[in-house]
Amino acid sequence: MEKGSSNPPHVLIFPLPAQGHVNSMLKLAELLCLSGLYVTFVNSEHNHERLVRFTDLQVRFSQYQGFQFKTVADGLPVEHQRTGYKFLETFEAMKVVTKPIFKEMVKGITPSLSCIIGDGASEFVLEAAIEIGIPVIHFRTVSSCSFWSYFCIPDMIKAGEIPIKGSEEMDRIVTTVPGMETFLRCRDLPSFCRVDGMSDLNLQVMTNCTRQSLRARGLILNTFEDLEGPTLSQIRRRFSNVYSIGHLHEHLRKKLIEPKHQTHQSSNSLWEVDRNCMSWLDKQPSKSVLYVSFGSLAVTTKEQFLEFWHGLVDSKKRFLWVMRADSVAKRDGEAEDYPPELVEGTKERGLIVEWTPQEEVLAHEAVGGFLTHGGWNSTLESIAAGVPMICWPYFADQQINSRFVGEVWKLGLDMKDVCDRKVVEKMVNDLMEDKREEFVRSAAKMAELARNSVSEGGSSSHNLNCLIEDIRLMIG
Ligand code: UDP
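Residues numbered from 1 in each chain as written. Predicted model: local features only at pLDDT ≥ 70, side-chain atom pairs only at ≥ 80, totals over all residues.

(A) How the structure looks around the environment of Cys115. Locating Cys115 in the fold gives a position in strand β4 (residues 115-119). Separated by 104 residues in the primary sequence, Cys115 and Val11 have C-alpha atoms spaced 5.3 Å apart. (Helix = DSSP H or I, 4+ residues; strand = E, 2+ residues; numbered from the N terminus.)

Listed below in structure tokens is the structure:
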């Protein structure tokens, strides 16, 4: 903000072009708008076109004074599929193509920017901002526990704890992530640690960008103190301004139901939401349905898909399953001839759809459990709704999130590294029936803590105020 300017602070927010990142950073944008800040939100052209097609976001954001969307090329060729997990390709393309366009765009933005809130998983935004001379705050969309484990990777390598030498080492306890020495096993480390140390590009990129956050003015995390307090304390030993302001979905919901804002929270989806699943849920008994979704990026093999399907049908429980068009790896020329008992079992007790309004689904009275990949947004959404989980982590931070869900928070079961119909059946029955009570109790308690954290005087509420005050003090 220019000295003497009467405008509110102006913040630019730029997420990586992936569903989990766009969703949570749009929520942050809306929270800042509601606090009276001016916000410029930058999307990739490809994602913006999808958001405009599938949501009401342009109308929703047009009510905020000083808000604008901008778009930049993501650097990938037009014909690129952009499905599944393509981070490295995207990182590289953005560094080469997007960075110079972004820099020129930022220079022309008015009123001038107080700061940039950059996605902490992308290196080039911090570099570009430093080159232009604008302060940067990092936002990491992952859990604090995974952020902290990424931060400790150089120490793990120095101590010889990674690379993990073979499958017989997977249950060895890792001793170099402070605060987690009693329960963190090799198999719980972010998936990139399973490879040959720093020779893996994913691991290098994640380690570099996590360390790079030390050069930002602050670090925003979508979590809350009662959930990840001990890990946040560890992070605060190395980072000076850590703002834990989550859960953002709950935080925004709370603000939007305040009387002066008559709007309701709606979708930030890159897929077309199939609302038929809501009327289907309306017809199911209370807490009877297991919701199944592996997020926006995971792709299972056909064998894994069939193990899950058999397990779900054999459990005899009702289920609502999200199946994107690219959820299962296809083999050329393979006919989709599914066993009739699975098709029948699904007709009787299940529903498969391409994309749901997930936050609404989890809050629905009929939903009693969530079989999830443990992506951080999904985990938080389940926590906020008080729904216990079975986690089947796919990649990245999901491996450590699922350890915390099962072992630390006791919010459900960790099905890591197993994909077997008998195990699926047993865990579904444990979660929905046999061991249900203990999980429901801890899930209800955590949901209450989540709500308290965003209430007046709650920790996330307080930290959001601190963030806004600190932004007000920044002069770009
Ligand atoms: N999501 C949704 N509908 C679906 C499946 C997922 O709205 O049918 C949303 C979900 O609510 C979450 C996001 O997609 O906000 C997925 O993010 P997450 O971090 O859980 O996983 P990722 O997709 O990054 O692996």
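(B) A look at the packing of helix α10 (residues 248-256) against helix α18 (residues 436-454). Here α10 crosses α18 at 55°, and the two axes come no closer than 9 Å. Relative to α18, α10 is oriented oblique. Two packed elements cross with a definite hand, and for α10 against α18 that hand is right-handed. Residues Glu250, His251 and Lys254 of α10 form the contact with α18, whose own contacting residues are Ala450, Arg451 and Val454. Broken down by class, the residue content of the contact of α10 with α18 amounts to two nonpolar, one polar and three charged. (Axes fitted to C-alpha atoms, helices over the stretch in contact; angles between N-to-C directions. Parallel < 35°, antiparallel > 145°, perpendicular 65-115°, else oblique. Left-handed = near helix turned anticlockwise from the far one by under 90°. Contact = placed C-beta atoms within 7 Å. Nonpolar A, V, L, I, M, F, W, Y, C, P; charged D, E, K, R; others polar.)

(C) Fine view of the environment of Thr90. Following the sequence through the fold, Thr90 ends up in helix α4 (residues 87-107). A count of 21 C-beta atoms within 10 Å places Thr90 in the buried class. Taking the C-alpha atoms as reference points, Thr90 and Leu76, 14 residues apart in sequence, are found 7.0 Å from one another. (Buried ≥ 20, exposed ≤ 12 C-beta atoms within 10 Å, placed from the backbone.)

(D) The environment of Lys317, seen in detail. On the secondary structure map, Lys317 appears in the loop between α12 (302-315) and β9 (318-322). Among the residues examined, Lys317 registers 20 C-beta atoms within 10 Å and is labelled buried. With 151 residues separating them in the primary sequence, Lys317 and Ile468 have C-alpha atoms 46 Å apart. If sequence neighbours within four positions are ignored, Lys317 has contacts with Leu290, Val428 and Met432.

(E) Examining the sheet that holds strand β10 (residues 350-353) more closely. Ordered by their spatial adjacency, six strands build an open sheet running β10-β9-β8-β11-β12-β13, and the pairing between neighbours is parallel. The outermost strands of the open sheet, each flanked by one partner alone, are β10 and β13 (412-414). Pairwise comparison of adjacent strand axes, ignoring direction, gives a mean angle of 15° for this sheet. Here strand β8 (residues 289-293) runs beside β9; their pairing, made up of four bridges, is parallel. If you follow Val292 over to β9, its bridge partner there is Trp321. The sheet strands contacting helix α15 (residues 376-385) are β8, β11 (367-372) and β12 (389-391), and the helix crosses β11 at an angle near 165°. Its contacts with the sheet place helix α16 (residues 398-408) against β12 and β13, and it is angled at close to 135° to β13. (Pairing = 2+ DSSP bridges.)

(F) Geometry of the sheet that holds strand β3 (residues 67-72). Pairing is parallel in the open sheet, where seven strands are placed in the order β3-β2-β1-β4-β5-β6-β7. Looking at strand neighbours, the two that pair on one side only are β3 and β7 (242-244), the edges of this open sheet. The sheet shows a mean angle of 20° between the axes of neighbouring strands, direction not considered. Strands in contact with helix α5 (residues 123-132) are β1 (10-14), β4 and β5 (136-140); relative to β4, the strand with the most contacts, it is inclined by about 160°. Its contacts with the sheet put helix α19 (residues 459-473) on β1, β4, β6 (218-221) and β7, and the angle it makes with β7 is roughly 135°.

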